Amino acid sequence: MRLLIVEDSPELHQQLRAGLTEAGFAVDGAMDGEEAFYLGETEPYDAVVLDLGLPRVDGLTVLRRWRAAERAIPVLILTARDSWTEKVEGLNAGADDYLGKPFAMAELVARLNALIRRSNGVAKTELVFGEVRLDTAARAVSRAGQTVRLTALEYGMLAYLALHAGRPISKTELTEHLYTQDFDRDSNTLEVIVGRLRRKLGDSLIETVRGQGYRLIAANSG
Amino acid sequence: MNSLTWRLTLLTTLWVAIGLGLIAWFVVRTDERQIQTAADARLGSLLDAVVAAADFDPAVGPLLVRPLADPEFDRPLSGHYWQITGPGGSKATSRSLWDSRLVPPLHEPEGIRARDVDGPRAERLRLLERDVQIEGRFGRVPITAQVAVAREGTDEEIASLRQNVILAFALLGTGLVAVVALLVIWGLRPLRRTRQELVEVREGRRQHMDVAAPIEIAPLVAEIEALIEQNRATVDRARNHVGNLAHALKTPIAVLRNALEAGDVTGARTQSATLERLVQHHLRRARAGALAGTAGAESTPLAIAEALATALRRLTAARGIVIRVSGESEARIRADSQDLTEMLGNLMENACKYGNGQVAVRVEQAAPGRVVIEVADDGPGLPEGEDGVALLRGVRLDEAKPGSGLGLAIVSDLAALYDGQLTLETSPRLGGLAARLDLPGRLGPGPYPGPDPYPGPDWPGLSAPSR
């Protein structure tokens, strides 16, 4: 899952980047409103963490511009200004969630996961594919009751395929959502990751659709 | 232009122009008449002289038995003329008329008739005529005697009079306007002085306003002085708050640093929570401090509840909570709308958090001058006898749900600031908790009932009656 962090305080920016990367997100950052608007316009992020008090263009304006340009990226506002008046203004400007500073990294991660699930039309936190269970809240994967350890990239790919289960996902789309902007994108790595996921979770889980990319078999209920 | 000096001067000019204009017109008219009357009187005595010297000879017609004293009547076209008309239209005229004639007589009304006519040189003449019976050598004969004198002299006199009057009144008017302008400028000098003092106070060159102002603006100066005092108090209070906050933060920071150095993660976490709570608390205090002097603010609870419901529906989109807002759309509450948003936001968020998917917000008038907003949910509600506990700062009844536990305490504090109160009970309709926020307010525009208008949060001696 690829995130855009918009935060102008260098320390918090660094902490957010570290914490969210550790949580398995591919993280791009912007330090001011103009850069944020540009990145949000051009890159296919799965969610945005947006501070409100930004240099050049403030956060609410950035958000309103995205919405005016019909960019539907889920946006979580992260700000010290957390009075209800400000929350109402932010949410009614098109934000999907609102978190006040100070905050716990774990809560931010949980909210972002919930936001991404919701934006993909998935209500449940736990997704089941045959004997594979994916808990998107705990970021835990198990196969036949046994916990399977995945790297951040492996988990990211599995989660992205799982949220779009039943639909073939092109390598380009996967690359865009798994790697940050400045990452050296080598599509061979995708094949390596898919190979590792098949080895860990079973060959039948991810199928290769010729010319179109990869597809996760549709989720079972339960 | 929006200037007092201008306005007053303009009004004065208008009034002076109209007033003096009317008086000047009246004076000129009166004097004109007097001049005319005097001229007519002179003309009248000439007419008498003509009548006295007139005689009638049936063979010759009318004639003067002796010449008039004024030689002007003998100088051709001199501007002094006489003419006597006898029975049958026979005429005698002064030599000055030469071969022209004065206008024929009118014969009525009776007595001396005065009018303006054109003369032989096409000049304007003042003409007096009179019908008389003369007792001559040849018996009683009716004749008409006419005397005319050029108007030139009279007209010049009148013109010069008019010019003098207009000049005099124009001078007087200009003088009056100038004096008024001076008066206004002089009269407004205390205002300028007050402004200057205010500038000095603002720039810190002066502590207080000089209250020795004229009685008309002394109250204004006193009010400004009071405002300055209030500002100073507010600044002092703010400074105090900042000081308090800084000091309150020092201890937890010290403990936090020690905990971090000792690698005590739990201790550090506790301290950071303490810090967070302190900051929250002081933010509220700051807000409450800012409230002093914002009396008169009004907010519309239904509109605020609806905006909050929209925001909360977004926040809780995944849970599909049904939030219903109903009640009096015209209701208004005597509270700053940010504070009402804060109170309602906390209550409605709680209802979303602890309820099972049903939240109902209702705005109604409880009693004249009081508006109640009830936020009800279908959650477990409060256990019997726990009402007060939840209101205590930092205590949460259900520790499992996220949140700082400050929500209800903040609402209760804010409500108290506005002479209102928060009560918790069980909702009869939804079965869960019903939070009732009772605040001063009214339905629709209009005056507040009761003799005691909302005194503002920090009004001394008028605190909320205990209920």
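Our structure is the block above this text.
Residues numbered from 1 in each chain as written. Chains lettered and ligands numbered in written order. Predicted model: local features only at pLDDT ≥ 70, side-chain atom pairs only at ≥ 80, totals over all residues.

Draft legend 1. Structural context of the overall build of chain A. In terms of regular secondary structure, chain A is built from 8 helices and 11 strands. Counting over 222 residues, chain A shows a buried share of 38%. Across chain A, contacts joining residues at least 24 apart in sequence account for 59% of those joining residues at least 6 apart. (Helix = DSSP H or I, 4+ residues; strand = E, 2+ residues; numbered from the N terminus. Buried ≥ 20, exposed ≤ 12 C-beta atoms within 10 Å, placed from the backbone. Contact = placed C-beta atoms within 7 Å.)

Draft legend 2. Examining the overall build of chain B more closely. Regarding its fold elements, chain B presents 9 helices and 13 strands. Sorting the 467 residues of chain B into buried and exposed places 25% on the buried side.

Draft legend 3. Geometry of the pairing of strand S2 (residues 61–64) of chain B. Residue and element names in this part refer to chain B. Note: strand S1 (residues 54–57) against S2, 4 bridges, orientation antiparallel. When the sheet's bridge partners are listed, Phe 56 is paired in S2 with Pro 62. Hairpin connection, S1 to S2: the antiparallel pair is bridged by 3 residues. (Pairing = 2+ DSSP bridges.)

Draft legend 4. Representation of the packing of helix H4 (residues 84–92) of chain A against helix H7 (residues 337–354) of chain B in the model. Between H4 of chain A and H7 of chain B, the least distance of the axes is 8 Å, while the angle of their chain directions is 80°. When the interaxial angle is binned, H4 of chain A and H7 of chain B end up roughly perpendicular. Touching Trp 84, Thr 85, Lys 87 and Val 88 of chain A of H4 of chain A are Gln 338, Thr 341, Glu 342 and Gly 345 of chain B, all from H7 of chain B. (Axes fitted to C-alpha atoms, helices over the stretch in contact; angles between N-to-C directions. Parallel < 35°, antiparallel > 145°, perpendicular 65-115°, else oblique.)

Draft legend 5. Inspection of the sheet that holds strand S9 (residues 146–148) of chain A at higher detail. Residues and elements named next belong to chain A. What the 4 strands build is an open sheet, ordered S6-S7-S8-S9; its pairing is antiparallel. At either end of the open sheet lies a strand with only one pairing partner, and these are strand S6 (126–129) and S9. The sheet shows a mean angle of 25° between the axes of neighbouring strands, taken without regard to direction. Pairing of strand S7 (residues 132–135) with strand S8 (residues 140–143), which is carried by 4 bridges, proceeds in the antiparallel orientation. Within S8, the position partnered with Arg 133 by the bridge is Ser 142. Lying over the sheet, helix H6 (residues 152–163) contacts S6, S7 and S8, oriented at roughly 95° with respect to S7.

Draft legend 6. Spatial organisation of the nonpolar core. The biggest cluster of nonpolar side chains holds 112 residues, and the ones touching the most others in it are Leu 3, Leu 50 and Leu 158 of chain A together with Leu 308 and Met 348 of chain B. Aside from chain neighbours lying at most four places away, what touches Leu 308 of chain B is Trp 84 and Val 88 of chain A together with Thr 341, Leu 344, Gly 345 and Met 348 of chain B. (Core = buried A, V, L, I, M, F, W, Y, C linked by C-beta atoms within 7 Å.)

Draft legend 7. Unusual backbone geometry, seen in detail. All names here are of chain B. The backbone of Ala 122 sits at a positive phi, close to 65°, despite the residue not being glycine. Tracing the sequence through the fold places Ala 122 in the loop between strand S5 (113–118) and strand S6 (124–136). On the neighbour-count criterion, Ala 122 (6 C-beta atoms within 10 Å) is exposed. For Asp 419, which is not glycine, the phi torsion reads 65° and is therefore positive. Residue position: Asp 419 is located in the loop between helix H9 (407–417) and strand S12 (421–426).

Draft legend 8. Just H4 of chain A, in detail. All names here are of chain A. Turning to H4, its buried residues number three or more, namely Trp 84, Lys 87, Val 88, Gly 90 and Leu 91. All buried residues of H4 project into a common sector of 165° when viewed along the axis, lining one side. Once H4 ends, the next one or two residues include Gly 94, with phi positive near 120°. (Arc of directions from axis to C-beta.)

Draft legend 9. Inspection of the interface of chain B and chain A at higher detail. Tallying the contact residues gives 13 residues for chain B and 14 residues for chain A. At 6 residues, helix H6 (residues 301–315) of chain B tops the list of elements feeding residues into the side of chain B that touches chain A.

Draft legend 10. The pairing of strand S7 (residues 139–150) of chain B, seen in detail. All names here are of chain B. The sheet contact formed by strand S3 (residues 80–85) and S7 spans 6 bridges and is antiparallel. Residue pairing for S7: Trp 82 is matched across the bridge by Val 147. Bridge count for S6 against S7 is 12 bridges, and the pairing is antiparallel. In the strand pairing of S7, Leu 125 is matched with Ala 150. The turn linking S6 back onto S7 is made up of 2 residues.

Draft legend 11. Molecular detail of the packing of H7 of chain B against H9 of chain B. All names here are of chain B. The contact between H7 and H9 brings their axes to 9 Å, and the two run at 145°. As H7 packs across H9, the resulting crossing turns out to be left-handed. Counting all contacts with H7, which are made through Asp 339, Glu 342, Met 343, Asn 346, Leu 347 and Asn 350, the residues of H9 involved are Gly 407, Ile 410, Val 411, Leu 414 and Ala 415. In terms of residue class, the contact of H7 with H9 is made up of 6 nonpolar, 3 polar and 2 charged. (Left-handed = near helix turned anticlockwise from the far one by under 90°. Nonpolar A, V, L, I, M, F, W, Y, C, P; charged D, E, K, R; others polar.)

Draft legend 12. Structural detail: the sheet that holds strand S1 (residues 2–6) of chain A. Residues and elements named next belong to chain A. The parallel open sheet is built from 5 strands, whose spatial order is S2-S1-S3-S4-S5. Only two strands of the sheet have a single neighbouring strand rather than two, namely strand S2 (26–30) and strand S5 (97–100). Averaged over all pairs of adjacent strands, the angle between strand axes in this sheet comes to 20°, irrespective of strand direction. Relative to strand S4 (residues 75–79), strand S3 (residues 47–50) runs parallel, the two sharing 3 bridges. When the sheet's bridge partners are listed, Val 49 is paired in S4 with Leu 76. Lying on the sheet, helix H3 (residues 59–68) is in contact with S1, S3 and S4; it crosses S3 at an angle near 155°.

Draft legend 13. Quick look at the environment of Ser 96 of chain B. Residues and elements named next belong to chain B. By the secondary structure assignment, Ser 96 is in the loop between strand S4 (91–93) and S5. Separated by 23 residues in the primary sequence, Ser 96 and Phe 73 have C-alpha atoms spaced 5.3 Å apart. The residues contacting Ser 96, other than those within four sequence positions of it, are Glu 72, Phe 73, Asp 74, Arg 75, Pro 76, Leu 77, Ser 78, His 80 and Tyr 81.

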